[in-house]
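Letter by letter, the chains look like this.
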Amino acid sequence: MSVRIAPGELLAVAGGSGSGKTTLLEILAGIRTPSAGRVLHDGTEPAVLRPALGYLPHGNVMHDDLPLDRALGYAARLRMPARTAAALLDAAVRDALAAVGLADRARQPVRTLSEGERRRACIAVELLTRPRVLFLDEPTTGLDPATGAELLRTLRDLTADGVTVVLTTHAPADLTRCDRVLFLTPEGRPAHLGTAATLTAAYGVPTLEEVYGAVARGARAADEAAAEETAAEETAAEETGPAPEAAPVADGAAATRPAPLGAVGQWWLLTRRAGELMARNRLTAAVVVGSPLVIVAMFALLFRPGAFDPAAPSPGSAAMILFWIAFGGFFFGLTYGLLQICAEMAVVRRERLTVLRLGPYLLSKAALLLPVLALADAALLAVLRGLNRLPAAGWGTYGSLFLTVLLASAAALALGLLASAAVGDPGQATLMLPMLCFPQVLFSGAFVPVPQMAWAGRVLSAAMTNRWAFEALGGGIGLRELWAHGASPLGPPLLASYGGSFDRAVWAGWLLLAGFTALFLAAAWAVLARKCRTVSRPAAG
């Protein structure tokens, strides 16, 4: 197809389901590469201008728990130049809200807005950087007729200010409110380009609803007059060139734009936003704070005191205490990480199309949650020691135990982030919890010592972070010495069944846990990079 869209025009791309509307929109916005041909914005490739083009995917893509002005404030700081003054950032938020008619809703949480207001709020995010072209994928889907009409009036007001708007739609009522309609055949070819009135005339039907059926059936091609009108319109556009207010943009223009936040700035901003989101979501905050307390209480009730008493040790209980400490750190980290990304994947995809860096994004999650995990792990060790479930020892021993548990939590947090990035929604992430926990229990080497496992089990146990945490805890607390020289006759046989599990230096376990953390974070980055590509492969021909 060949189409020229004028500055300040409101163009609708319509057609039946599967006709390629979203694909075409992504090609025009520079998100998808065409298999042939070129897309130019005033002579410039869209990929060069990508951060400056407004693109709104289908659905609501904002954090529900933030007040509207706070959500836009974070978006403004992320998208606008790094050294933009706070007064200018606030002005950009006010102007964007005013442009979509939501100035009086600024302090309301996003979740309390109506569906139509949320769609307009999403548009306001794109207006923060004052784009010259705004692409919207089915912005009126799911809205009642009055709300959809109000949204189209908002878009019409934007075009009056010089913004070009291209949208896809299934709603016939939207077509009458747009300057022109590009209607696609089921095969993705242009069936008609013109006004809504010429569209019905071209197919000889009285209503726009019937056009969909006429195009799908191929009952009647566009008549000669409509074809000539479209050709004449495009020829005139080619001859006249762009309007004066749309002067060509040099290819180097994007390079001269002020730089947005760097990696460190994004990391700090995203960490603050994640912290505010957690604080404003009472359920999440309760789970983060309350779940470690519940687990610590259960551990205190599960084990009897004195399992590490050299005069009357309980080798089996001692091993189980260390295992459940290791698993507690793992469980804390995994549950904290599992819902962090999948719950906001739509926002991540949208921000990735502009300036979001995935490394700072992932590290912001770690920066927010690791201190909480450190408190939970310290509380676990302190309570168990205070209740005589752990032996009396110096700061060196307990420093070693704390670092082991914290590294186990960090590795589990990274694994949770990886799983959260890989799944499609929070429901799938919840199903992942037992699938990730059971192998860590069965192949940790605590219930069945690693030397007693089948060959395949020993190989699988090497990939379990809980195994290395358990063995590092045993080495750090001196489990081998306790069993070898304790009064219990069960010690030597039990020690022999574990073989050399507790012979490694504790720091070797730390290195392995740190390595797993880095590996899982790198894998999470790779998954996110694949799911949030800023430019997709060429469209099918």
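The structure under discussion appears in the preceding block.
How each quantity is defined
Residues numbered from 1 in each chain as written. Predicted model: local features only at pLDDT ≥ 70, side-chain atom pairs only at ≥ 80, totals over all residues. Heavy atoms only, no water. 1 Å grid on protein atoms, 1.4 Å probe; cavity = no way out; pocket = protein on both sides within 12 Å on 5 of 7 lines; lining within 4 Å. Points joined across faces, edges and corners; volume = space filled by probe spheres on them. Helix = DSSP H or I, 4+ residues; strand = E, 2+ residues; numbered from the N terminus. Nonpolar A, V, L, I, M, F, W, Y, C, P; charged D, E, K, R; others polar. Pairing = 2+ DSSP bridges. Axes fitted to C-alpha atoms, helices over the stretch in contact; angles between N-to-C directions. Buried < 20%, exposed > 50% of the residue type's maximum accessible area, 1.4 Å probe, protein only. Contact = heavy atoms within 4.5 Å. Core = buried A, V, L, I, M, F, W, Y, C linked by side-chain atoms within 4.5 Å. Parallel < 35°, antiparallel > 145°, perpendicular 65-115°, else oblique. Left-handed = near helix turned anticlockwise from the far one by under 90°.

S.K.: Describe the layout of surface pockets, and please don't skip the residues or the numbers.
M.R.: Roughly 890 Å³ of internal volume is contained in the second largest pocket. Those elements that provide at least two residues to the lining of the second largest pocket are α12 (263-280), α13 (282-302), α14 (315-338), α15 (345-352), α16 (358-386) and α18 (426-442). For the lining of the second largest pocket, the leading source of residues is α13, giving five residues. Grouping the constituent residues of the lining of the second largest pocket by class yields 18 nonpolar, eight polar and five charged.

S.K.: Account for the sheet that holds strand β2 (residues 54-56), with residues named and values stated.
M.R.: Taken in spatial order, the six strands of this open sheet run β2-β3-β4-β1-β5-β6, and their pairing is mixed. Lying at the two open borders of the sheet, with one neighbouring strand each, are β2 and β6 (190-194). Strand-to-strand, the axes of this sheet are offset by a mean angle of 10°, without reference to chain direction. As judged from the five bridges shared by strand β1 (residues 10-15) and strand β5 (residues 180-184), these two strands associate in the parallel manner. Pairing of A12 across the sheet is with V181, part of β5.

S.K.: Would you mind going over the environment of L407 in detail, with residue names and values included?
M.R.: Tracing the chain through its elements places L407 in helix α17 (residues 395-422). A residue is classified by how much of its surface remains accessible, and L407, at 19% relative accessible area, is buried. C-alpha of L407 to C-alpha of L513: the two residues are 106 residues apart in sequence and 5.9 Å apart in space. Ignoring sequence-local partners within four residues, the contact set of L407 consists of W510, L513 and T517.

S.K.: How would you summarise empty space enclosed by the protein if you had to cite specific residues and measurements?
M.R.: Enumeration according to the criterion identifies three cavities of 30 Å³ or more in this entry. In this structure, the largest cavity encloses a volume near 140 Å³. Contributing to the lining of the largest cavity are 15 residues, with A71, A75, R273, V347 and E351 lying nearest its centre. Those elements that provide at least two residues to the lining of the largest cavity are α3 (68-79) and α15. Ranked by the residues each element gives to the lining of the largest cavity, the list is headed by α3, at six residues. Of the residues that constitute the lining of the largest cavity, the class distribution is ten nonpolar, one polar and four charged.

S.K.: A description of the nonpolar core should follow, citing residues and the corresponding values.
M.R.: F308, I325, L390 and L528 are the most contacted members of the largest nonpolar core, which has 73 residues in total. Once residues lying within four places of it in the same chain are set aside, the contact partners of I325 are F299, L380, L381, L384, L390, V405 and L473. Of all hydrophobic cores here, the second largest spans 61 residues; its members include V61, A75, A124 and L136.

S.K.: An account of the packing of α3 against helix α4 (residues 86-99) is requested, with residue identities and associated values reported.
M.R.: Running from N to C, α3 and α4 point in directions that differ by 125°, and their axes come no closer than 9 Å. With respect to α4, the axis of α3 lies oblique. α4 is crossed by α3, and the crossing has right-handed handedness. Where α3 approaches α4, its residues L68, D69, L72, G73, A76 and R77 are matched on the opposing element by L89, D90, V93, A96 and L97. Each residue belonging to the contact of α3 with α4 can be placed in one class, and the counts come to seven nonpolar, one polar and three charged.

S.K.: Explain the environment of V61 to me, and be specific about the residues and the numbers.
M.R.: Following the sequence through the fold, V61 ends up in the loop between β2 and α3. For V61, a relative accessible area of 6% corresponds to the buried category. Spatially, the C-alpha atom of V61 lies 5.5 Å from that of A346, the residues being 285 residues apart in sequence. Each residue touching V61, except ones within four places of it in the same chain, is listed here: L56, C122, A346, V347 and R350.

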